[in-house]
Structures are given as structure tokens and as C-alpha cells.
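A look at the structure
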Amino acid sequence: MSLFSKAKQVIAGGVNSPVRAFAAVGGDPIFFKSASGAWLESEDGRKYIDYVGSWGPMILGHGHPAVIAAVIETAKQGLSFGAPCVLETELANKICALMPSIEKIRMVSSGTEATMSAIRLARGHIGRNKIIKFEGCYHGHSDSLLIKAGSGALTLGVPSSPGVPPGVAQNTITLTFNDSDAITSVFAEIGEQIACVIVEPIAGNMNMVPPEPGFLETLRTLCTDAGAILIFDEVMTGFRVARGGAQSVFGITPDLTTIGKIVGGGMPAAAFGGRADIMASIAPDGPVYQAGTLSGNPVAMAAGLATLEQLDEPGFYAALGKKTAQLVDGLAAAALDADIPLATECLGGMFGFVFTEARSVRRFDQVAAADTDRFRKFFHGMLNEGVYLAPSAFEAGFVSAAHGDDEIAATITAARKVFNTL
Ligand code: KE4
């Protein structure tokens, strides 16, 4: 019996997170037993160049000695106290130094918790109920955020999952990412009812889609004028596209930011934070309740701190961005030589590629219309060549500091071979 069959006997769907099940690409997921640097090793001893990086956290590569040492040394002192420890303050200070828009912060254990709590905080702080999100952006699986667009901009949101009550959905308006006119109209109609806008400043859950010039600026102006709270969900882009996240790239100051993934260095840690006056509404200072047994546990704090400290290395992001650009330029050239239409994007350690005739992808409907069948064939072809990509055409890819010229070159060679089979 396969490892996946054994897992499915006891774990729902055989996985602890749906995207891992390979449902979007077909076949059984690979079970990994170890990882080091840019490489994963499967239970059957095969090695793969890893461009998933645990969906983003592993920006240093797997098993970075400073991170492993910090985890081991901290674990020896105790795994969790359920009481304050100095490491929480140290990581909080480090995050605030890297993202100055975060004046006060609250640690949690997942990106879902971070965005769920930020939404509740926004609603509780200004006493409004409606929120705005964008189709194709993913912010974790809390009820208010599993909502797809209604039939029109102002119609009630529709749950994107059973189990989300219509009463919850009606307070979420889902608009089109990069459509400044649509959100301007909504704010003109009901701006005084909007508690917050939550956005991935670079969308990384509909492949990689950057903001059009002016889009984030429009969100900032609309929220400021209406007294609504602008939330940048930087769970993926935080410390990934630049040391200060996407907000430092675009020069936009959100009112709240959510972070995750890299901030835990592979351990369960995430956070929400921002303007001190808003954060003052969070318990125990204020009335908006939020809590977590393992929030800020010392081992996750130590892993996050050790990771963020490595990002201070001079030239870290210049080198990472150069490697990612080399990869993406190589993929684009290989696709062109094989006469395969491919749109590519990259920034810092994040990249995307979409099988489409469009020269650039800026809207969800372009991603939705892309050739997912060709992606599936490419995914499995690369897997056979020892390259592990995200098992979904709607995910971004990640390069780590441990990916060297050899890994990048081997990946491009593999892509050249596979493109010619599509
Ligand atoms: P988690 O609850 O999975 O830690 O974070 C949710 C989340 C929030 N915001 C953004 C922008 C995110 O990308 C995520 C989670 N990302 C997915 C993959 N793109 C995690 C992979 C999974 O769901 O297993």
C-alpha cells in the first residue's frame, strides 16, 4: 500500500492542507523525509530542487545551521511556557525595525489567525462590518475571507466554501484585483460602511500578479478618505520580495500588516500589527478579543529571529533577486525557443509563470483562462527531471539563498527538455 493510501486511511484527504494532495495536477503527492539547502529528499531516496520552500518560509534554504542551532538550544530550555518570554520581545522588535509601519504587534501561529484577527480588529476598532477583498487573493481560511464575488460589485458576497453562513458572507465584498475604478465606485456608494480593505500587495495565490501602477495608491487614498483601515496581507511577500516587504517596494504605508511564513523560519509563527492607536484596541489593552495557546512560543520565536537576522547580510536581496531573475529569464527563453507562450514575473525571491498568450498577467481572469492542462504536463515533466514546483498553476514559486548557479542551470536545462514535450 502506498504512503498516500496509508495516510488517507486516517488523515482527511491524506494531507493536512489540501493543496498538498496534488488534486490540481493529478497523481499522488510525494512524501519527503528530509531537506537540505535547495534540495528535498523523498522517502524513496529521490532528490529534488525545491521551489516551494514549504510555501515560502524557507528563504534561507532548508536546515540553515544558524536556525537549526537556535531551535535546538531554545528547545533545551523548554518548548512552551504559556507565559511571556524575552524572545517574543526580541522578535517583535526585529519585525518592527524591518517594517516601520508596524508600531505594535501581536504574534499568532498561522497566517489564517493573523488575517482573521486583523479583520476583527479593524471591525472592532472603527465599529463597521463590511470588508473588501479581491478575487484570487487568498488570506487563509477564516469565514469572512472564504468569499467569492457576488454577481455585481455591490451584491452580497457568496461563500466559496460550504459551512460559511450567508450572514457572514454578506459583509464581505469581493472585487477585481487591479481594478481601481470598481473599488472607487464602491467607496463612493458605501465608503462609510467599510471597516477595511485587505489585499495581497503582490498577489501570490493566483500565480504571481503585481499591482498595476496606481492601484495600491488608490486603496490607500480611498481608505484614508473614508476612515477605513488598509490591511496589507504580507504573509507571503513579507521579507520575501524585499527586506521590508512589498510595502517597502511600493512605498505605501498600510494601517495594519499581516505576516507569516518567513517570520517563523519554518516553525508555526505569524503576526498582525500596525498603527499603535489601532493595536490599542486588542485585548488586554482594548475590547477586541484575540488569544492563542502557543502564540509567541520560544522555539518558533528563536527560529524566526535566527532567520530574520540572516536577512541583514549585506547584498542578501540583491543576490536573491539576481538568482530568481536568472531562473525566470531562463524559463522564458526556453519557452520561446520551444514556441510555448509563457508569461513570467519575479521580484526578490518570488516568481511566477503562466501558460498564456498574454504578454503580462495583471487580472485574475487572465490566470483563470490560462492553459492549466499544459501546466499539469509541465509540472510532472519537471518532477521527472528532479525539479519540485508548486502543484498548482495558481501558486507562486520561491527561490532561496541556498539555490546556487548549479541548481538554476539544472532547472533551466530540465525546462528546455520538458517544454519540447508539451
Ligand atoms: P496559513 O494559515 O496557511 O499559515 O496562511 C494563510 C495565508 C494568508 N495569506 C497569504 C497571502 C497566504 O499565501 C497564506 C497561505 N498561503 C498558502 C499557499 N499560497 C499556504 C499553503 C497551504 O494552504 O497549504
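What you see is a predicted model, and the numbers here were worked out from it, not measured in a lab.

Brief notes about the nonpolar core
Taken as a class, soluble globular proteins show a tendency for nonpolar side chains to be buried jointly. Counting 69 residues, the largest nonpolar core has Ile95, Phe239 and Phe419 as the members making the most contacts within it. Taken together, domain 1 (3-59 + 314-419) and domain 2 (65-310) each give at least three residues to this core, which thus spans both. Residues contacting Ile95, with those up to four places away along its chain left out, are Ile102, Ile105, Met107, Phe239, Ile259, Val263 and Leu308. The next biggest cluster of nonpolar side chains, apart from the first, holds 31 residues, and it includes Phe177, Met206, Val209 and Leu219.

Some details on the domain arrangement of the protein chain
Domains assigned within the protein chain are domain 1 (3-59 + 314-419) and domain 2 (65-310). With centres defined by C-alpha atoms, the gap from domain 1 to domain 2 works out at 25 Å. Each side of the interface is counted separately: domain 1 has 29 residues, and domain 2 has 30 residues. For the pair domain 1 and domain 2, the summed buried surface comes to about 2,500 Å²; carbon and sulfur atoms form 63% of the total. Ranking the residues of domain 1 by area buried against domain 2 places Tyr317, Met350 and Arg362 at the top, with a combined share of 26%. Linking domain 1 to domain 2 there are 13 residue pairs in polar contact (both at pLDDT 80 or more). Looking at the side of domain 1 that touches domain 2, the elements that each hand over two or more residues are helix H11 (316-337), strand E13 (343-347), strand E14 (350-354) and helix H12 (364-368). Here the side of domain 1 that touches domain 2 gets 5 residues from one element, more than from any other, and that element is E14. Looking at the side of domain 1 that touches domain 2 residue by residue, the class counts come to 21 nonpolar, 4 polar and 4 charged.

Examining the pattern of salt bridges
Enumeration according to the criterion identifies 12 salt bridges in this entry. Among the salt bridges present, the one from Lys33 reaches Glu41, with a minimum N-O distance of 3.8 Å. A relative accessible area of 19% means that Glu41 is categorised as buried. Between Arg376 and Asp373 there is a salt bridge, with the nearest N and O atoms lying 3.7 Å from each other. With Arg376 and Asp373 both in helix H13 (residues 372-384) and 3 residues apart, the pair spans about one turn of that helix.

Comments concerning the pairing of E13
Where E13 meets E14, 5 bridges bridge the pair, whose relative direction is antiparallel. Within the sheet, the bridge partner assigned to Thr344 lies in E14 and is Phe353. Here E13 hands over to E14 after 2 residues, with Gly348 in that stretch at a positive phi of 55°.

Side note on the site of the ligand
Taken together, 16 residues surround the ligand, and among them Ser17, Thr112, Asn205, Asp233 and Glu395 come closest. Ser17 is positioned such that a nitrogen or oxygen atom in its side chain is 2.6 Å from an oxygen atom of the ligand. Here a nitrogen atom of the ligand and a side-chain polar atom of Asp233 are 2.7 Å apart. Calculation on the ligand without its partners gives an accessible area of 530 Å², and the protein chains cover 86% of this total. Here the shell around the ligand is built from residues that sort into 5 nonpolar, 7 polar and 4 charged. Summarising the domain contributions, the shell around the ligand has at least three residues from each of domain 1 (3-59 + 314-419) and domain 2 (65-310).

Here's the deal with the pairing of strand E3 (residues 47-50)
One ladder, built from 3 bridges, connects strand E2 (residues 39-42) with E3; its direction is antiparallel. Looking at the pairing, Trp39 lines up with Ile49 of E3. In this antiparallel pair of consecutive strands, E2 and E3, the connection spans 4 residues, and Gly45 shows a positive phi of 85°. Inspection of the sheet shows E3 paired to strand E15 (residues 387-388) by 2 bridges, in the parallel sense. Residue pairing for E15: Ile49 is matched across the bridge by Val387.

Quick look at the side chain of His403
Here His403 is to be found in the loop between strand E16 (397-398) and helix H14 (405-419). In terms of polar contacts, His403 uses its side chain to reach the backbone carbonyl oxygen of Asp50, at 2.8 Å. Setting aside chain neighbours within four positions, we find His403 in contact with Ala38, Ile49, Asp50, Tyr51, Lys323, Phe398 and Ile408.

Focus: the sheet that holds E14
Overall, antiparallel pairing links the 3 strands, which are arranged E13-E14-E16 in an open sheet. The open sheet terminates on both sides in strands that have one partner only, identified here as E13 and E16. Strands E13 and E14 of the sheet are contacted by H11, whose axis makes an angle of about 175° with E13.

Quick look at the environment of Ala401
Looking at the element boundaries, Ala401 is found in the loop between E16 and H14. Using a relative accessible area of 34% as the deciding quantity, one classes Ala401 as partly exposed. C-alpha separation for the pair Ala401 and Gly292, spaced 109 residues apart in sequence, amounts to 32 Å. Beyond its immediate stretch of four places on either side in the chain, Ala401 contacts Ile59, Leu60, Phe316, Leu320 and Lys323.

What counts, and where the lines are drawn
- Residues numbered from 1 in each chain as written.
- Predicted model: local features only at pLDDT ≥ 70, side-chain atom pairs only at ≥ 80, totals over all residues.
- Heavy atoms only, no water.
- Core = buried A, V, L, I, M, F, W, Y, C linked by side-chain atoms within 4.5 Å.
- Buried < 20%, exposed > 50% of the residue type's maximum accessible area, 1.4 Å probe, protein only.
- Domains from an automatic or database assignment.
- Contact = heavy atoms within 4.5 Å.
- Buried area = accessible area lost by both parts, 1.4 Å probe.
- Polar contact = N/O pair within 3.5 Å; in protein donor to acceptor, adjacent residues only side chain to side chain.
- Helix = DSSP H or I, 4+ residues; strand = E, 2+ residues; numbered from the N terminus.
- Nonpolar A, V, L, I, M, F, W, Y, C, P; charged D, E, K, R; others polar.
- Salt bridge = Lys/Arg side-chain N within 4 Å of Asp/Glu carboxyl O.
- Pairing = 2+ DSSP bridges.
- Near = heavy atom within 4 Å.
- Areas by Shrake-Rupley, 256 points an atom, 1.4 Å probe, with all protein chains shown as cover.
- Axes fitted to C-alpha atoms, helices over the stretch in contact; angles between N-to-C directions.

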